[in-house]
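Commentary on secondary and tertiary structure
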Amino acid sequence: MELLVLIKPVPDPETRLRPNATGTGLDTDGVKWVLTGYDESAVEQALLLKEAIPGSKVRAIAFGTAPRTEEILRSALALGCDAATWVERAADASVDPMRAAEALSVACKRTPFDLIVVGKQALDDEAGLVGPAVAERLGVADYGPVVDLRWDAAAAKFTFARAIEGGSERVTAPIPLVVCLQQAWNDPRTAKLQNVLKARRIAIDKVAWADLPAEIKSAPPGTHVGAFRLPPPRTGAKMVEYKTPEEAAQKLVQLLREEAKVLP
Amino acid sequence: MSGPVLVLIERRNAAPVRPSLEALGVGRRIAGPPGTGAVVAILLGSGLEPAVAQVAELGADKVLTVTDARFDVFHAAVWSAAIAAIAEELEAMTILVAGTSNGRQLVGRLAARWGAAAVTGIADISRAADGTLSVVRPVFSGRALEEVKVDAPRVVLGLRPNAFPPPDPSDSKTPVEAHAVPELSALPALGTVTGFEPAQSGSGPDLSEATVVVSGGRGLKGPENFRLLEDLAASLGAAIGASRAVTDSGWKPASFQVGQTGRTVSPQLYIAVGISGAIQHVVGLISSRTIVAINSDPNAPIFKVADYGIVGDLFQIVPALTAEIRRVRGN
């Protein structure tokens with residue numbers, strides 16, 4: 001089984017967010033870029049499948065600028081991925097998630113695959129566009145948000161559940177396939193030091209920015225971030241003063257109806 | 001501005017889902033007043049009549065029905081092929097999709113198919129005088145906001161549930177038109193839906209769509225005390241959620257969990273009962289419009305993010321609150 005996992009570097013979840021000087025994005029000064037959240041869980045899922053299906057190989061693919069993108073690919077290799085592809089993004093290139101999906105599709109098309117695993121969204125921009133857009137560009141089916149993904153060797157199909165409103169839908173699907181995973185955290189393994197060292201020596205395949213199709217490099221993407229700001233800080237709750245529980249209830253309901261206007 | 005705004009109406013149990021109705025209201029907002037730009041609602045599947053009757057009262061200029069049982073099950077590949085073909089034919093420039101599980105799976109694929117830009121998780125939207133669409137979307141679990149400008153002529157927009165009001169029903173009926181089923185050749189090999197297991201969340205609305213959510217934490221002291229929250233939820237028509245402490249202890253199934261490892265909710269009103277307010281939980285509810293916290297510990301971090309707080313014994317406060325809501329609502 002040839003497994004691909006699509007990942008991206010995101011700011012460490014502990015990062016204190018600040019807008020940059022122009023107010024159009026995150027101030028990336030001092031930000032630590034990591035493999036975490038949905039992406040780390042996707043790698044874990046791919047590795048679990050590799051262990052369950054004899055003869056499987058996992059390739060991690062990421063699109064982005066140096067050096068952060070190479071670093072998270074090294075993290076994926078240290079965890080047990082067999083190979084990695086870095087799709088280069090020029091540092092000054094303007095991209096949006098749909099454009100990232102185009103670039104990733106280029107790398108996927110160069111690699112035979114049976115299954116592409118991707119998180120349902122990234123932890124930072126939460127767009128959720130890449131998995132479905134890559135599937136369309138590759139002409140394969142996509143399903144999400146997926147939990148409980150298993151390979152049914154007898155039927156030669158994947159089985160999984162979609163965690164949707166009101167319950168969970170069981171699905172059986174043939175390969176090739178793109179699955180967008182529901183979980184952000186599934187107790188992923190940590191890399192052993194010897195594997196971290198070994199991962200440094202594995203050659204990462206590169207798709208250079210110069211080699212990407214002209215329409216990705218020259219045409220502007222369909223959207224751009226005009227402003228990035230923090231929400232107004234929460235000032236703390238207005239506390240309801242009361243003598244009896246009944247009085248507390250009355251005062252709260254009055255506030256919700258007349259001040260917050262959230263109760264008819 | 002040319003071409004209609006297409007609004008996809010998703011159904012569950014034959015009825016349109018609330019987030020899709022919210023999308024209809026947004027459609028009117030960005031198309032302009034009736035007579036300037038057209039809003040076209042589109043429904044796919046079989047047995048569409050009850051949903052069509054409801055949608056036809058909500059101010060669209062046209063309701064398009066595409067009747068084919070192949071759409072009764074959601075496959076992003078099939079839906080995006082059909083909708084892209086229809087959008088092409090109608091010369092639409094904007095497609096609105098609600099942020100349901102299916103909707104979120106559809107946007108990227110539909111945009112790639114139709115050659116459009118895409119933005120998801122939209123909490124606010126406006127159109128400048130020159131026609132440029134500008135949207136606001138929470139990012140980083142609600143810790144920051146992005147304002148995204150749409151530069152492409154075609155765009156698929158994914159909306160956040162509960163961020164926009166659904167339109168009020170009117171007396172005028174929207175004309176309904178049956179649309180031919182687009183040619184669906186060259187589809188990829190698809191999966192087969194083999195079953196559906198309803199969530200054990202009782203009869204209330206689904207967590208991610210509910211306008212009111214009542215959540216319980218460890219302060220409830222045991223699973224049997226969730227009946228207090230069930231009464232409160234019933235008085236409000238609310239969905240029930242839980243903190244990770246509760247689902248980890250097995251008091252409630254994992255599907256109830258609100259937070260970073262569980263569901264993200266954005267209701268009009270979120271009531272946290274006996275929940276301390278660990279950051280892991282807070283990121284799942286921070287986009288709620290109004291947050292109420294009831295906790296015995298005045299120093300509980302939940303009071304820092306809540307709009308209204310009551311320090312006290314939840315076993316006394318919650319029944320009093322349920323009674324008061326029943327009283328004011330006359331039931």
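Residues numbered from 1 in each chain as written. Chains lettered and ligands numbered in written order. Predicted model: local features only at pLDDT ≥ 70, side-chain atom pairs only at ≥ 80, totals over all residues. Heavy atoms only, no water.

Comments concerning the overall build of chain B
- Summing up its helical and strand segments, chain B has nine helices and 18 strands in all.
- By principal-axis analysis of the C-alpha atoms, chain B measures approximately 60 × 45 × 40 Å.
- Looking at the 331 residues of chain B, the share that counts as buried comes to 58%.
- A separation of at least 24 residues holds for 63% of the contacts in chain B among residues at least 6 apart in sequence.
- Total accessible area on chain B stands at roughly 12,500 Å², and carbon and sulfur atoms take up 51% of it.
- Charged side chains of chain B number 28 positive and 30 negative; the gap between the two group centres comes to 5 Å. (Helix = DSSP H or I, 4+ residues; strand = E, 2+ residues; numbered from the N terminus. Buried < 20%, exposed > 50% of the residue type's maximum accessible area, 1.4 Å probe, protein only. Contact = heavy atoms within 4.5 Å. Areas by Shrake-Rupley, 256 points an atom, 1.4 Å probe, with all protein chains shown as cover. Lys, Arg positive; Asp, Glu negative; His and termini not counted. Charge placed at Lys NZ, Arg CZ, Asp CG, Glu CD.)

Side note on unusual backbone geometry
Residue and element names in this part refer to chain A.
- In this structure, the amide linkage connecting Ala-66 to the following residue, Pro-67, adopts the cis form with an omega of -5°.
- By the secondary structure assignment, Pro-67 is in the loop between strand E4 (57–64) and helix H2 (68–79).
- The amide bond that connects Gly-144 to the next residue, Pro-145, takes the cis arrangement and shows omega of -5°.
- With respect to the element layout, Pro-145 can be found in strand E7 (residues 141–152).
- Its identity as a non-glycine residue notwithstanding, Glu-126 has a phi of 55°, on the positive side.
- Relative to the assigned elements, Glu-126 resides in the loop between strand E6 (115–119) and helix H4 (130–138).
- You will see that Ala-156, though not glycine, has its phi angle at about 55°, which is positive.
- Relative to the helices and strands, Ala-156 is located in the loop between E7 and strand E8 (157–164).
- The exposure class assigned to Ala-156 is partly exposed, which follows from its relative accessible area of 40%.

Side note on the packing of aromatic side chains
- Overall, the coordinates contain four aromatic pairs over all chains when judged by the stated rule.
- Over the ring of Trp33(A) we find Arg68(A); its NZ or CZ atom is 3.8 Å from the centre of that ring. (Phe/Tyr/Trp six-rings, centres within 6.5 Å; stacked < 30°, edge-to-face > 60°. Lys NZ or Arg CZ within 6 Å of the ring centre and 35° of its normal.)

Thoughts on the nonpolar core
- Ranked by internal contacts, the top residues of the largest apolar core, which has 63 residues, are Leu6(A), Ile116(A), Val134(A), Leu44(B), Trp79(B), Ile95(B) and Val156(B).
- Take this core: its biggest share by element is nine residues, from helix H3 (residues 76–90) of chain B.
- In this structure, Ile95(B) is in contact with Leu6(B), Ile83(B), Ala87(B), Leu110(B), Trp114(B), Val155(B), Val156(B) and Leu157(B), ignoring residues within four places of it in sequence. (Core = buried A, V, L, I, M, F, W, Y, C linked by side-chain atoms within 4.5 Å.)

Description of the interface of chain A and chain B
- Contact with chain A, which involves 74 residues of that partner, is made by 83 residues of chain B.
- Where chain A abuts chain B, roughly 6,700 Å² becomes buried across the two surfaces, and 55% of that area is made up of carbon and sulfur atoms.
- A per-residue breakdown of the area chain A buries against chain B is headed by Glu136(A), Glu165(A) and Arg234(A), which together make up 12% of the total.
- On inspection of chain A and its partner chain B, the count reaches five salt bridges.
- Arg109(B) is the salt-bridge partner of Asp142(A), the closest N and O atoms lying 2.6 Å from each other.
- At the boundary of chain A and chain B, one finds 39 residue pairs in polar contact (both at pLDDT 80 or more).
- Where the side of chain A that touches chain B is concerned, the elements lending two or more residues are H4, E7, E8, strand E9 (167–173), strand E12 (223–229), strand E13 (238–239) and helix H7 (245–259) of chain A.
- Among the elements that line the side of chain A that touches chain B, the one with the most residues is H7(A), at 11 residues.
- When grouped by side-chain class, the residues that make up the side of chain A that touches chain B number 44 nonpolar, 14 polar and 16 charged. (Buried area = accessible area lost by both parts, 1.4 Å probe. Salt bridge = Lys/Arg side-chain N within 4 Å of Asp/Glu carboxyl O. Polar contact = N/O pair within 3.5 Å; in protein donor to acceptor, adjacent residues only side chain to side chain. Nonpolar A, V, L, I, M, F, W, Y, C, P; charged D, E, K, R; others polar.)

Quick word on the sheet that holds strand E10 (residues 144–150) of chain B
- The four strands are arranged E12(A)-E10(B)-E9(B)-E8(B) in an open sheet whose pairing can be described as antiparallel. Of all the strands in the sheet, just E12 of chain A together with strand E8 (124–127) of chain B have a single pairing partner and so form its edges. The mean inter-strand angle of the sheet, taken between neighbouring strand axes irrespective of direction, is 25°.
- In the sheet, strand E9 (residues 133–139) of chain B pairs with E10(B) via six bridges, with the strands oriented antiparallel. Within E10(B), the residue paired with Pro138(B) across the bridge is Leu145(B). (Pairing = 2+ DSSP bridges. Axes fitted to C-alpha atoms, helices over the stretch in contact; angles between N-to-C directions.)

Description of helix H5 (residues 226–236) of chain B
- All of the buried residues in H5(B) are Phe226(B), Leu228(B), Leu229(B), Leu232(B), Ala233(B), Ser235(B) and Leu236(B).
- Note on H5(B): the residue one or two positions beyond its end, Gly237(B), has a positive phi of about 65°.

What to know about the packing of helix H3 (residues 97–109) of chain A against H4(A)
Residue and element names in this part refer to chain A.
- At a minimum axis separation of 9 Å, H3 and H4 run at an interaxial angle of 50°. As judged from the angle between their axes, H3 and H4 are oblique. Where H3 crosses over H4, the two elements pack in a sense that is right-handed. In this structure, H3 contributes Pro-97, Met-98, Ala-101, Glu-102, Leu-104, Ser-105, Cys-108 and Lys-109 to the contact, and H4 contributes Val-130, Ala-133, Val-134, Arg-137 and Leu-138. (Parallel < 35°, antiparallel > 145°, perpendicular 65-115°, else oblique. Left-handed = near helix turned anticlockwise from the far one by under 90°.)

Focus: the pattern of salt bridges
All names here are of chain A.
- Scanning the entire structure with this criterion turns up 34 salt bridges over all chains.
- The salt bridge partner of Asp-82 is Lys-50, with a shortest N-O separation of 3.0 Å. With Asp-82 in the loop between H2 and strand E5 (83–88) and Lys-50 in helix H1 (residues 37–52), this pair connects stretches of sequence that are 32 residues apart.
- A residue is classified by how much of its surface remains accessible, and Lys-50, at 24% relative accessible area, is partly exposed.

Considering the packing of H5(B) against helix H9 (residues 314–329) of chain B
All names here are of chain B.
- Where H5 contacts H9, the two axes come as close as 9 Å, and the packing angle between them is 20°. In terms of orientation, H5 and H9 fall into the roughly parallel class. Note that H5 runs across H9; the crossing there is left-handed. Residue-level contacts link Leu-228, Leu-229, Asp-231, Leu-232, Ser-235 and Leu-236 of H5 to Leu-314, Phe-315, Val-318, Pro-319, Leu-321, Thr-322, Ile-325, Arg-326 and Arg-329 of H9.

Quick notes on the sheet that holds strand E15 (residues 239–242) of chain B
- As summarised here, the arrangement of the six strands in space is E13(A)-E18(B)-E17(B)-E16(B)-E14(B)-E15(B), forming an open sheet in which the pairing is parallel. At either end of the open sheet lies a strand with only one pairing partner, and these are E13 of chain A together with E15 of chain B.
- The pairing of strand E17 (residues 290–295) of chain B with strand E18 (residues 308–311) of chain B spans four bridges and is parallel. Bridged to Asn295(B) within E18(B) is Val311(B).
- Sitting on the sheet, H7(A) touches E13 of chain A together with strand E16 (269–273), E17 and E18 of chain B, and the angle it makes with E18(B) is about 175°.
- Strand contacts of H9(B): E16, E17 and E18 of chain B, with the helix running at about 135° to E17(B), the strand carrying the most contacts.

Examining the confidence of the model for chain B
- Across chain B, the average pLDDT comes to 93, with 98% of residues at 70 or higher.
- Two numbers describe this predicted complex: its pTM, 0.91, and its ipTM, 0.94. (pLDDT = per-residue confidence, 0-100.)

So, the environment of Ile42(B)
Residue and element names in this part refer to chain B.
- Counting through the fold element by element, Ile-42 comes out in strand E4 (residues 39–45).
- Exposure remark for Ile-42: the relative accessible area of 1% places this residue in the buried category.
- If we ignore the near neighbours within four places in the chain, the residues touching Ile-42 are Leu-6, Val-7, Leu-8, Ile-9, Leu-64, Val-66 and Ile-86.

Topic: the environment of Glu147(B)
- Topologically, Glu147(B) is positioned in strand E10.
- On a C-alpha basis, the gap between Glu147(B) and Pro50(B) in space is 37 Å, while along the polypeptide they are 97 residues apart.

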